[in-house]
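Observations on the three-dimensional arrangement
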Amino acid sequence: MHQITALSVQTETPVREFFGAQTDAAIYANGTHIIGFGFDGTACFRKGTRNGPDGLRSVSEDIESYSPYLDADLFDLPFYDLGNLSLGTSDDVEAQWQHATDQFDAAFGPIDLAANKVRVLTLGGEHSISYAPIRKYLQQYPELVLLHLDAHADLRDGFLGYHYSHASIIRRSLDHFGPGHQLIQYGIRSGTREEYQYMNEHGTVRKSRKDFLDSVAAIPADRPIYLTLDLDYFDPAFLPGTGTPEPGGEDFHSYVSLMKILREKNLVGADVVELSPEIDPTGNSDVFAAKIVRELLIILNEKGAL
């Protein structure tokens, strides 16, 4: 792998690098890069996702690097941990979000992700942090499929006074959709009447696991896919450490089924959001989420190395 550029922003040092990652201040062609965006300023129920990125990192070396589901090991391919974006020095919530978003844009904005096969995995943080990476990927890939796994529709046009709210991330993403982009949503079990009307009218939501997996399987192998994964997609019986839990969610094995399909597709980037470590004092949610990230990293690494 060759270095494209030095990281153009000063990130904060992580509590530890994610399992097997090289801590670096550079961006590499054919490389997968982790970056943390620990922010929960617009969270409307239980806060704590600001500690999500380092919560994931802190338990990462306590799980196996080998995935028996994919028969692959994180140690087989290099990937890089760029640390955490800074929220700046302001006490204003919107200023903090903007500061870190600007840092993401400064770091990755000048880079042609597609030409250099740069993969980015952003760790949240609440779901509003996904705006920066999703916008970048939509700009880079005119045929991108946005896969949205979540308990909530996130289609509100602002919430509680925040235009870029965690409850508005998909609505804000649609602001940047072009004619070749597609949205597929699954796991949604909470939203307003208007949000459900939108999803039904535009055919974005899949209402059964089979329909969802079949939809992903039908995506052409070379069409780029970006996954935005809110951890409240999973049932709180399995992952209680999230800010807005909703009963009726998915389990780990359904996620593995998706990963096996995505392994044969063109997964170009992803974010994993809404882990709130202190809500689950057992630490089980952190471990669950770290294994979610492990599977994604293996797939992204493999795609970047092709």
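Here is what the cut-offs are and how they apply
Residues numbered from 1 in each chain as written. Predicted model: local features only at pLDDT ≥ 70, side-chain atom pairs only at ≥ 80, totals over all residues. Heavy atoms only, no water. Axes fitted to C-alpha atoms, helices over the stretch in contact; angles between N-to-C directions. Helix = DSSP H or I, 4+ residues; strand = E, 2+ residues; numbered from the N terminus. Parallel < 35°, antiparallel > 145°, perpendicular 65-115°, else oblique. Left-handed = near helix turned anticlockwise from the far one by under 90°. Contact = heavy atoms within 4.5 Å. Nonpolar A, V, L, I, M, F, W, Y, C, P; charged D, E, K, R; others polar. Pairing = 2+ DSSP bridges. Buried < 20%, exposed > 50% of the residue type's maximum accessible area, 1.4 Å probe, protein only. Core = buried A, V, L, I, M, F, W, Y, C linked by side-chain atoms within 4.5 Å. UniProt positions renumbered as here; feature names shortened; annotations may be inferred. Polar contact = N/O pair within 3.5 Å; in protein donor to acceptor, adjacent residues only side chain to side chain.

- Naming follows an unreviewed UniProt entry, where the chain appears as Agmatinase of Pseudidiomarina donghaiensis.

Quick word on the packing of helix 7 (residues 209-217) against helix 8 (residues 252-262)
- In contact at an axis separation of 9 Å, helix 7 and helix 8 are set at 15° when each is read in the N-to-C sense. The angle between helix 7 and helix 8 falls in the class roughly parallel. The crossing of helix 7 and helix 8 is right-handed. For the pair helix 7 and helix 8, the contacting residues are R209, F212, L213, V216 and A217 in the first and S254, S257, L258, I261 and L262 in the second.
- For the contact of helix 7 with helix 8, the class distribution of residues is 7 nonpolar, 2 polar and 1 charged.

Section: the sheet that holds strand 13 (residues 266-273)
- Taken in spatial order, the 9 strands of this open sheet run 2-7-4-8-13-12-9-10-11, and their pairing is parallel. The two strands at the open ends of the sheet, each matched to only one other strand, are strand 2 (22-23) and strand 11 (205-206).
- Bridge analysis of strand 4 (residues 32-37) against strand 8 (residues 119-124) gives 6 bridges, and the strand direction is parallel. Along strand 8, the bridge assignment pairs I34 with L121.
- Packing of helix 1 (residues 52-60) onto the sheet brings it into contact with strand 4, strand 7 (80-84) and strand 8, and relative to strand 7 it is tilted by some 135°.

Things to note about unusual backbone geometry
- That bond from G124 to G125 is cis: its omega, 15°, falls within 30 degrees of zero.
- Counting through the fold element by element, G125 comes out in the loop between strand 8 and helix 4 (131-140).
- Positive phi, normally seen in glycine, also occurs at D154, with a value near 55°.
- Relative to the helices and strands, D154 resides in the loop between strand 9 (145-149) and helix 5 (169-174).
- Residue class for D154 comes out buried when judged on its relative accessible area of 5%.

Thoughts on the nonpolar core
- L227 and L262 are the most contacted members of the largest nonpolar core, which has 50 residues in total.
- Here this core gets 10 residues from one element, more than from any other, and that element is helix 9 (residues 284-305).
- Not counting residues up to four positions away in its chain, the partners in contact with L262 are L147, V216, I225, L227, L267, I299 and K303.
- The next biggest cluster of nonpolar side chains, apart from the first, holds 38 residues, and it includes F39, F104, I134 and Y226.

Focus: the UniProt feature "binding site: Mn(2+) 2" (unreviewed entry) in the chain
- Summarizing the sequence annotation, UniProt attributes the feature "binding site: Mn(2+) 2" (unreviewed entry) to D232 in the numbering used throughout.
- Its place among the elements puts D232 in the loop between strand 12 (224-230) and helix 8.
- Ignoring sequence-local partners within four residues, the contact set of D232 consists of D150, A151, H152, R189, T242 and T244.
- Of note is the side chain of D232, whose polar atom sits 3.0 Å from the backbone nitrogen of A151.

Quick look at the UniProt feature "binding site: Mn(2+) 1" (unreviewed entry) in the chain
- Following the UniProt record, the feature "binding site: Mn(2+) 1" (unreviewed entry) maps to H127, D150, H152, D154 and D230 here. These annotated residues cover 104 residues of sequence, and their C-alpha atoms all fall within 10.6 Å of one another, placing them together at a single site.
- Mapped onto the elements of the fold, H152 is located in the loop between strand 9 and helix 5.
- Excluding residues within four positions of it along the chain, H152 makes contact with I188, S190, D232, T244 and E246.
- A polar atom in the side chain of H152 sits 3.1 Å from the side chain of D232.

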